[in-house]
Amino acid sequence: MDRWLLLAIVTTALEAVEMGVHTVAYVDVDALALGHSTPVLTTHLWLATLIYPLFAVSLMGLIGLGQRGNSLGSRWIA
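Residues numbered from 1 in each chain as written. Predicted model: local features only at pLDDT ≥ 70, side-chain atom pairs only at ≥ 80, totals over all residues. Heavy atoms only, no water.

## Quick notes on the packing of helix α1 (residues 2-24) against helix α3 (residues 39-68)
No. 1: Two numbers describe how α1 lies on α3: the axes approach to 8 Å, and their chain directions differ by 150°. Between α1 and α3, the angle is such that the two are roughly antiparallel. The two elements α1 and α3 cross, and the hand of that crossing is left-handed.
No. 2: Of the residues that constitute the contact of α1 with α3, the class distribution is 19 nonpolar, 7 polar and 2 charged. (Axes fitted to C-alpha atoms, helices over the stretch in contact; angles between N-to-C directions. Helix = DSSP H or I, 4+ residues; strand = E, 2+ residues; numbered from the N terminus. Parallel < 35°, antiparallel > 145°, perpendicular 65-115°, else oblique. Left-handed = near helix turned anticlockwise from the far one by under 90°. Nonpolar A, V, L, I, M, F, W, Y, C, P; charged D, E, K, R; others polar.)

## Regarding α3
No. 1: The end-to-end C-alpha separation of α3 is 43 Å, in line with the 44 Å expected for 30 residues at 1.5 Å each.
No. 2: Along α3, the sharpest change in direction is near 30° and occurs at A48.
No. 3: The inward-facing, buried residues of α3 contact α1 and α2 (29-34). (Expected span 1.5 Å × (residues − 1). Bend = angle between axes of the 7 residues up to and from the residue. Contact = heavy atoms within 4.5 Å.)

Now the structure itself:
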């Protein structure tokens, strides 16, 4: 469980950074409408594409392992 927990902590921290960039991506709305470069939005989209799947897999692994050992939730959570 320690490995899955560490992976979940790391990916959650990465997800928090990505959500910060997500929140700030509104600064590119005018540039997007005019067809100009959108560095913050592009960074958000790249980070989301890379981090979301890692975050999901790590949480599924943690929940599945915890459910099997009856240490995190129940079988209904998985």
